[in-house]
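Spelled out, the chains give:
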Amino acid sequence: TYQSSPLIKILKGINAYSNNEMTHVVGARVGGAPGVQQYLYRKVGLTPGEVSLQTTSGLGGNAVTPRAVTKIMRYTMTWLAKQKLGLN
């Protein structure tokens, strides 16, 4: 077996360097763009008019309103705080 870093640490690294290929791989494991969109609807409270995803990497025809980005960031910061983590 191989003991990897925690997923949160891997995701931070992927995001910091905009690794689109790895983002596709991780995104596929959570249901692809439709799975991420459904999560945003259920957990964050976004509506279909606020987010439209074609890919999980950010490439392609993805659209997120500024209001939705703010909601996502607030949700993320609250979730991270519960895990005793931060954005940096």
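Shown above is the structure to which this text applies.
Note that this is a predicted model, so its numbers are computed, not measured.

Draft legend 1. Main features of the nonpolar core. Listed in full, the eight residues of the largest apolar core are A33, L40, Y41, V44, L46, V51, L53 and A68. Top contributing element to this core by residue count: helix α3 (residues 32–44), with four residues.

Draft legend 2. Structural view of α3. For α3, which comprises 13 residues, the first-to-last C-alpha distance of 17 Å matches the rise-based estimate of 18 Å (1.5 Å per residue) to within 8%. All buried positions along α3 are accounted for by G32, A33, Q37, L40, Y41 and V44. Where α3 is buried, its residues meet α2 (20–29), β1 (51–52) and α4 (66–82). A positive backbone phi angle near 85 degrees is found at G45, which sits one or two residues after α3.

Draft legend 3. View of a nonpolar patch on the surface. Among the surface-exposed residues, V64, V69, M73, M77 and L87 lie close enough to one another that they form a single nonpolar patch of about 410 Å² accessible area. A total of three residues in the nonpolar patch trace back to one element, the largest contributor, which is α4. Tracing the sequence through the fold places M77 in helix α4. For M77, a relative accessible area of 45% puts it in the partly exposed group.

Basis of the calculations
- Residues numbered from 1 in each chain as written.
- Predicted model: local features only at pLDDT ≥ 70, side-chain atom pairs only at ≥ 80, totals over all residues.
- Heavy atoms only, no water.
- Core = buried A, V, L, I, M, F, W, Y, C linked by side-chain atoms within 4.5 Å.
- Buried < 20%, exposed > 50% of the residue type's maximum accessible area, 1.4 Å probe, protein only.
- Helix = DSSP H or I, 4+ residues; strand = E, 2+ residues; numbered from the N terminus.
- Expected span 1.5 Å × (residues − 1).
- Contact = heavy atoms within 4.5 Å.
- Patch = residues over 30% accessible without salt bridge, like charges linked within 9 Å, V, L, I, M, F, W, Y side chains within 5 Å.
- Areas by Shrake-Rupley, 256 points an atom, 1.4 Å probe, with all protein chains shown as cover.
- Salt bridge = Lys/Arg side-chain N within 4 Å of Asp/Glu carboxyl O.

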